[in-house]
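Chain and residue survey
As a plain string of letters, each chain reads:
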There are 2 protein chains.
Amino acid sequence: MMNLSPLQTARYQYTPKLPGMLRNGISEICVKVGEPTQSVADQEKIKALFPNTYGKNEITFQKGTNTSAPKKHIVGVILSGGQAPGGHNVVCGLYDALKATNPENELYGFKGGPSGLLEDNYRIMDDEYIDMFRNTGGFDIIGSGRTKLETEEQFAIAAEVCKKHGITAIVIIGGDDSNTNAAVLAEYMAAHNTGVQVIGCPKTIDGDLKNEDIECSFGFDTATKTYSELIGNIERDANSAKKYWHFIKVMGRSASHVALECALETQPNICLIGEEVAAKKMSLSAVADVIADSVAARAAKGMNFGVAIIPEGIVEFVPEFSMLIAEINELLAGEKTAAFNALPSWEEKYAFIEKGLSKEAMAVFAILPQGIQQQLFLERDPHGNVQVSLIESEKLFSALVADKMAARKAAGTFNGKFSAQHHFFGYEGRCAFPSNFDADYCYSLGYNAFMLIQYGYTGYLSKVSNLSKPAEEWVAGGMPITKMMNMERRNGQDKPVIRKALVELDGKPFTYFCEHRQQWAEETCFTYPGAIQYYGPAEVCDLTTRTLALEKA
Amino acid sequence: MMNLSPLQTARYQYTPKLPGMLRNGISEICVKVGEPTQSVADQEKIKALFPNTYGKNEITFQKGTNTSAPKKHIVGVILSGGQAPGGHNVVCGLYDALKATNPENELYGFKGGPSGLLEDNYRIMDDEYIDMFRNTGGFDIIGSGRTKLETEEQFAIAAEVCKKHGITAIVIIGGDDSNTNAAVLAEYMAAHNTGVQVIGCPKTIDGDLKNEDIECSFGFDTATKTYSELIGNIERDANSAKKYWHFIKVMGRSASHVALECALETQPNICLIGEEVAAKKMSLSAVADVIADSVAARAAKGMNFGVAIIPEGIVEFVPEFSMLIAEINELLAGEKTAAFNALPSWEEKYAFIEKGLSKEAMAVFAILPQGIQQQLFLERDPHGNVQVSLIESEKLFSALVADKMAARKAAGTFNGKFSAQHHFFGYEGRCAFPSNFDADYCYSLGYNAFMLIQYGYTGYLSKVSNLSKPAEEWVAGGMPITKMMNMERRNGQDKPVIRKALVELDGKPFTYFCEHRQQWAEETCFTYPGAIQYYGPAEVCDLTTRTLALEKA
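The residue numbers shown here count from 1 along each chain, following its written sequence. Here every chain gets a letter starting at A, and every ligand a number starting at 1, in the order they are written. This being a predicted model, a pLDDT of at least 70 is required before a residue's local features are given, and a value of 80 or more before pairs of side-chain atoms are given or counted; all residues contribute to the totals for chains, interfaces and linings. Hydrogens and water molecules were not included; the side-chain quantities draw on all heavy atoms of the structure.

The next subject is helix H20 (residues 508-522) of chain B. Residue and element names in this part refer to chain B. Here a strand is any run of E in DSSP of at least two residues, a helix any run of H or I of at least four, and the numbering for each starts at the N terminus. Under the convention used throughout, the expected extent of a helix is 1.5 Å for every residue step, that is, one less than its residue count. Taking 1.5 Å of rise per residue, the 15 residues of H20 would be expected to cover 21 Å, and the 23 Å separating its terminal C-alpha atoms lies within 8% of that figure. The largest bend along H20 measures about 45° and falls at His516. Using a 1.4 Å probe on the protein chains alone, a residue whose accessible area is under 20% of its type maximum counts as buried, one over 50% counts as exposed, and one in between counts as partly exposed. Residues of H20 that are buried: Pro509, Phe510, Tyr512, Phe513, His516, Trp520 and Ala521. What is called the bend at a residue is the angle between a pair of axes, fitted to the seven residues leading up to and ending at it and to the seven starting from it.

Okay, here's the thing in structure tokens:
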């Protein structure tokens, strides 16, 4: 039983906007070849690793007679990693371009992520099935998964599966790792003369797949708008009830783009940015003091309420915390865990910890709330390591701030009230109906991916740029993935990878935030974005992110 | 610094729809007097308590010459209790009707809830200020508060404040308690010949202020649509990743209307309804088994994922749990707490508990996860009582289900995986921009409240009905609040109160749910409502709740 919501039914009717240059029909799209490319760093090493796919030319599409060789295309598509709004539209755009070129072309959707390709588990797409997913959220069209395509054995199986079905191109929709792997797979397919092209599409709500070629990854717009809706609603609640500080954790382990975008949208009193904490080598206590200063300043004006946005991965950016984690892992390594676990009470365990940690690490450990202290020692992964990802950083910081306020009250420097509520937003935004922006952008990425296939490119990323402008002015084309690569140390080995984009502390979005945050911290400048609108005046339904608007301003 | 979002700017332009009979201008609204009323129960007692306001006639408005006496009106308005979307529009509708009648009329907004009236803390409304709040969420226009207006001393102060400003009518916007208090205040004002009228407006996102006169309280529509947006997004995530069971707690302590409405909107695998649990005297274990059966049935089909909606107050509906709480309160009453706290370890505390509880209570206690066991004994309110409201019922049930699945696996009746995620939605929905329904309904309630004032009524509730139809067909009028009252035992005294509406187990919404839930539990029938739309086709932006649609079907 499938019961469609009114919005889902209505969204089926939406026609995503293509870049102007792709609007003239397949037969009127030609290639404009640009400059040859170089990787952003480590050129010699990367060139050596990608002899068949390195140094290719950037290309853009333009209006003109299609000169590609006529050929039946059988294409495979894979959704890789965490869900991001718009993934369905990439598949739909790809499908539509492929079928518009030749109704006999076929699209295989490999199920459950990259493992679907290895296990030859697929569904062949048809109109009826595709139409059920147009402009909808989720990755349920074929499912997703986190298997990484990175070994020669896997590549050989992939080549075999492609050969079996006559598949001559694979589109991988994923984040930085998945696109890195797409480049390696493309090189393998070329080196082994398999005739299989590989094209990547930039996906991630985290916003950390971004560089001079990728203005933003898809899904970031919708996810941050969904979180901002909720944060704005909570701000309005805080400003109505005037009695709570809300600590709101948002997704983003490796970078704080989501937190920053939400802050630009909602103007909370506090937003922590991991990259700044790391650059300034801030201690937990120093971070808590930033919040406590806002609490105190507002309380002095009679406002015992506020909102603080905390990025999920914040503690991993605090140097002293990383040191503590490393020492704990060492303290309980191997057989020492059993001895620790045998201690009958927390008091005895605590004494053991106090004895085992360095003075510096113990100073950090001592200020943590007991619940988090226990979590660090009791909930460990199969390798015995601390599970940093389980740490509820929103509760950690509210507990630290509560201690700060109690100390300030004792010292006579704070005379207000501090009462906290906690929230975590992640799953709420990953599968929202894509905003018009993401619906358009994703459809364009998929459509464009097929044009790259048609013209025989491999190891390219589907690239759509000029995104802060109306879709008519967007620029569609392709960029060799190797251009975005550098060498990085991963698991003890030097690997060619797409560099993860962190929040740039001299970039315009962070600079804008810095210019305003003092005022936001002390006054009430909350902005209430409300729910994503898919209809209505263009100024409410055709918005891009504040991050992109500032970057391109 | 006030930075308006694009949606907020756009929503200022929205013109709320009035009931047809109120659309002809103030001068063309006349009263149609209906039947005299009786309270729903305990007529003699309630009549005796409300000699001046009992038994009045129901009234409706209709098109016709306005026959009210010309008089300058100075009106006070109060927002009482928790935020609900649309509160601002009640104030705006009241203001517009008042100013349309006579530009010299004045509206005093008492700040921070009922305490604003007692403390004579107010803001006089003007166009510029009112225009900043049209069609927006929150109660920040004047703030809200939880002070109860219920004592003679308070009433005397209220009368004094009204006299000082020449206020001749008070509008109280609140839930069942606040409207009960409005009736008592109205009686006081009448009995003391103060010349002050009192009118109530039905507010609460919980949906439990509902009866044969009130089809729904305002805010319920927007709040449940916001929660349903999030639940739908999580369902889509679950159906994409296919690896988690999501336990989602929603607001609603005394009744499960919110959970039920969200279930009707999103078709999750499980939705617990407190009223059913109470009626069937279900044990915690029996409730957990309902969920475990769904987990097992779905796992057997290869679906190791699902979504369960848990009403906030669910444990209070479980009879054996209430017994346990009562015993714990007894066990630690008075000085026994100190002795308990002095026990050095949890093991010793546990032994103390085991000795003190009855065998039946201990059986319940024993199956609780340790975190909740400790919470019950360690986190207690100032009176030493267990803080049931702090119990994270979503985590409680997922822990109980995890135990069930482990037992079934050991018994060979379950061969799947069970991994849980937890969410709680409350603050996210209380201050959302009101849906078109709530914007229209609330504006109408406020406008209508002024018509009741103009015609001299007191102790009435502003009543707008026929809500499942287009606004043109809505019926505006007033109902004596005493009509909705019965006598109930509160804090050891018999009190006249508006009865709280629980989910009716023979009502159409619950019946519909029952007819479908087995299928929803075993298959994947998720429905994805998406974000509230304020623009677009009527079928996406002018929706009422499923509950109301079913009740009026």
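Moving on, we come to the relation of the copies chain A and chain B. Alignment of copies: least-squares fit on C-alpha atoms of residues with pLDDT of at least 70 in both copies. You can overlay chain A on chain B at an RMSD of 0.1 Å; the transform is a turn of 180° with a shift of 0.0 Å along its axis. Those values place the two copies in the arrangement expected of a two-fold rotation axis. Interface residue correspondence from chain A to chain B reaches 100%, placing this contact among same-surface, isologous pairings. Any two residues having at least one pair of non-hydrogen atoms within 4.5 Å are treated as being in contact.

It is worth spelling out the packing of aromatic side chains at this point. Working definition: a ring pair exists when centres of Phe, Tyr or Trp rings (six-membered ring for Trp) sit within 6.5 Å. Plane angles under 30 degrees give stacked, over 60 give edge-to-face, the rest tilted. Per the counting criterion, the structure on display carries 42 aromatic pairs over all chains. When the centroid spacing of 6.3 Å and the interplanar angle of 85° are considered together, the rings of Tyr441 of chain B and Trp474 of chain B count as edge-to-face. Of this pair, Tyr441 of chain B sits in helix H19 (residues 436-454) while Trp474 of chain B sits in the loop between strand E12 (460-465) and strand E13 (475-480), placing them 33 residues apart in sequence. For Trp474 of chain B, a relative accessible area of 3% gives the class buried. Just above the ring of Tyr535 of chain A sits the side chain of Arg11 of chain A; from NZ or CZ to the centre is 5.8 Å. Cation placement over rings: the criterion is NZ of Lys or CZ of Arg within 6 Å of the ring centroid and within 35° of the ring normal. The ring of Phe340 of chain B has Lys349 of chain B lying over it, and the distance from NZ or CZ to the ring centre is 5.7 Å.

Counting residues in each nonpolar core, the largest one holds 193 residues, and the members touching the most others are Phe61 and Val171 of chain A together with Phe61 and Val171 of chain B. Excluding residues that lie within four positions of it along the chain, Val171 of chain B makes contacts with Val75, Gly76, Val77, Ile78, Leu94, Ile199, Cys201, Ala449 and Ile453 of chain B. Side-chain atoms within 4.5 Å are what join buried Ala, Val, Leu, Ile, Met, Phe, Trp, Tyr and Cys residues into a set we call a nonpolar core.

This paragraph deals with the interface of chain A and chain B. For an interface, size is often stated in terms of accessible area lost upon the parts coming together. Taken together, the contact pairs 66 residues of chain A with 66 residues of chain B. Counting each side, the surface lost to burial between chain A and chain B is near 4,800 Å², with a carbon and sulfur contribution of 52%. Linking Asp140 of chain A and Arg236 of chain B is a salt bridge whose minimum nitrogen-to-oxygen distance equals 3.0 Å. Counting residues per element, the side of chain A that touches chain B draws most heavily on helix H8 (residues 220-241) of chain A, at ten residues. The term buried area denotes the loss of accessible surface (1.4 Å probe radius) that occurs when two parts are joined, taken as the sum for both partners. When a carboxyl oxygen of Asp or Glu lies within 4 Å of a side-chain nitrogen of Lys or Arg, that pair is called a salt bridge.

Residues and elements named next belong to chain A. We call two strands paired when DSSP finds no fewer than two bridges between them. In space, the nine strands of this open sheet follow the order E1-E2-E13-E12-E7-E6-E3-E4-E5, with mixed pairing throughout. Unpaired on one side and paired on the other, strand E1 (29-36) and strand E5 (122-124) mark the two borders of the sheet. Within this sheet the neighbouring strands show an average axis-to-axis angle of 25°, counted without direction. Strand direction decides the pairing type here: strand E2 (residues 57-63) and strand E13 (residues 475-480), joined by two bridges, are antiparallel. Along E13, the bridge assignment pairs Ile59 with Gly478. Interaxial angle, 0 to 180 degrees, is taken between N-to-C directions of lines fitted to C-alpha atoms, where a helix line uses only the stretch in contact. Lying on the sheet, helix H7 (residues 176-191) is in contact with strand E6 (169-174), strand E7 (197-202) and strand E12 (460-465); it crosses E7 at an angle near 170°.

Residues and elements named next belong to chain B. Pairing is parallel in the open sheet, where four strands are placed in the order E9-E10-E8-E11. Strands at the two margins of the open sheet, each flanked by one partner only, are strand E9 (270-271) and strand E11 (420-425). Inspection of the sheet shows strand E8 (residues 245-250) paired to strand E10 (residues 306-311) by six bridges, in the parallel sense. Looking at the pairing, Val250 lines up with Pro311 of E10. Where helix H9 (residues 257-266) meets the sheet, it contacts E8, E9 and E10, and its direction lies at approximately 155° from that of E10.

Once that is clear, we can look at the pairing of strand E3 (residues 74-79) of chain A. All names here are of chain A. In terms of burial, E3 is a largely internal element, six of the six residues being buried. Sheet topology note: the E3/strand E4 (residues 106-110) ladder contains four bridges and is parallel. Its bridge partner lying in E4, Ile74 is registered against Glu106. Handedness is read with the strands pointing away from the viewer; a crossover is right-handed when the path from the first strand over the helix to the second is clockwise. Taken together, E3, helix H3 (residues 87-101) and E4 constitute a β-α-β crossover, and its handedness is right-handed. Relative to E6, E3 runs parallel, the two being bridged by five bridges. In the strand pairing of E6, Val75 is matched with Ala169.

One can find Asp237 of chain A in helix H8. We define a polar contact as two N or O atoms separated by no more than 3.5 Å, with the added condition that, inside protein, one atom must be a possible hydrogen donor and the other a possible acceptor, whereas residues neighbouring each other in sequence contribute only through side-chain atom pairs. A polar side-chain atom of Asp237 of chain A sits 2.9 Å from a polar atom in the side chain of Gln83 of chain B. The contacts of Asp237 of chain A, once residues within four sequence positions are left out, are Lys242 of chain A together with Gln83, Tyr427, Arg430 and Cys431 of chain B.

Atomic detail in the predicted coordinates should be set aside for any region of low pLDDT. Overall, the prediction assigns chain A a mean pLDDT of 95, with 100% of residues at 70 or greater. The complex model carries a pTM of 0.97, and its ipTM stands at 0.96. The score called pLDDT rates the predictor's confidence residue by residue, from a low of 0 to a high of 100.

Before going further, it helps to examine unusual backbone geometry. All names here are of chain B. Within the chain, Asp42 stands out as a residue other than glycine whose phi angle is a positive 50°. Its location among the elements puts Asp42 in the loop between strand E1 (29-36) and helix H2 (43-49). Positive phi outside glycine occurs at Lys242, with the angle close to 55°. Looking at the element boundaries, Lys242 is found in the loop between helix H8 (220-241) and E8. Residue classification places Lys242 among the partly exposed positions, given a relative accessible area of 41%.

Another point: the environment of Asp542 of chain B. Residue and element names in this part refer to chain B. Along the chain, Asp542 turns up in the loop between helix H21 (538-541) and helix H22 (546-551). The exposure class assigned to Asp542 is partly exposed, which follows from its relative accessible area of 40%. Dropping the residues within four chain positions of it, Asp542 is found in contact with Lys17 and Asn436. Reaching out from Asp542, the side chain makes a polar contact with the side chain of Asn436 at a distance of 3.3 Å.

All names here are of chain B. According to the stated counting rule, one finds 59 salt bridges over all chains in the structure shown. In this structure, the salt-bridge partner of Arg253 is Glu312, at a minimum N-O distance of 3.1 Å. Here Arg253, found in the loop between E8 and H9, pairs with Glu312, found in the loop between E10 and helix H12 (319-331); they are 59 residues apart in sequence, far enough to count as distant. The buried category is assigned to Glu312, whose relative accessible area is 17%. One salt bridge connects Arg408 with Asp293, and the closest N-O pair in it is separated by 2.7 Å. Here Asp293 lies in helix H11 (residues 284-300) and Arg408 lies in helix H17 (residues 393-410), a separation of 115 residues in the sequence.

Moving on, we get to the environment of Met451 of chain B. All names here are of chain B. Residue position: Met451 is located in helix H19. Sequence-wise, Met451 and Thr101 are 350 residues apart; in three dimensions their C-alpha atoms are separated by 9.6 Å. Among residues more than four places away in sequence, those in contact with Met451 are Leu22, Ile26, Ile29, Phe61 and Asn66.

Another point: H7 of chain A. All names here are of chain A. Between the first and last C-alpha of H7 there are 23 Å, a value that for 16 residues agrees with the 22 Å anticipated at 1.5 Å per step. Listing the buried residues of H7 in full gives Asp176, Ser178, Asn179, Thr180, Asn181, Ala182, Ala183, Leu185, Ala186, Glu187, Tyr188 and Met189. A positive backbone phi angle near 50° is found at Asn193, which sits one or two residues after H7.

This part is about the packing of H9 of chain B against H20 of chain B. All names here are of chain B. Relative to each other, H9 and H20 sit at 55°, their axes nearing to 11 Å. The pairing of H9 with H20 is recorded here as oblique in orientation. Two packed elements cross with a definite hand, and for H9 against H20 that hand is left-handed. In this structure, H9 uses Leu260, Ala263 and Leu264 to contact H20, whose residues at the interface are Pro509, Phe510, Tyr512, Phe513 and Trp520. Convention used here: angles under 35 degrees read as roughly parallel, angles over 145 as roughly antiparallel, angles from 65 to 115 as roughly perpendicular, and any remaining angle as oblique. Should the near helix be turned counterclockwise from the far one by less than a right angle, the crossing is left-handed, whereas a clockwise turn marks it as right-handed.

What follows covers the pairing of E4 of chain A. Residues and elements named next belong to chain A. Across the five residues of E4, four count as buried, placing the element largely inside the fold. Pairing geometry for E4 and E5, over three bridges, is antiparallel. Residue pairing for E5: Tyr108 is matched across the bridge by Ile124.

For the rest of this paragraph, the subject is the packing of H11 of chain B against H17 of chain B. All names here are of chain B. One can describe the packing of H11 onto H17 by two numbers: an axis separation of 9 Å at closest approach and a directional angle of 65°. Between H11 and H17 lies a crossing of right-handed hand. Here Leu284, Ser285, Val287, Ala288, Asp289, Ile291, Ala292, Asp293, Val295 and Ala296 of H11 come into contact with H17, specifically with Leu396, Phe397, Leu400, Val401, Lys404, Met405 and Arg408. Residues are grouped as follows: Ala, Val, Leu, Ile, Met, Phe, Trp, Tyr, Cys and Pro are nonpolar; Asp, Glu, Lys and Arg are charged; every other residue, Gly included, is polar. For the contact of H11 with H17, the class distribution of residues is twelve nonpolar, one polar and four charged.

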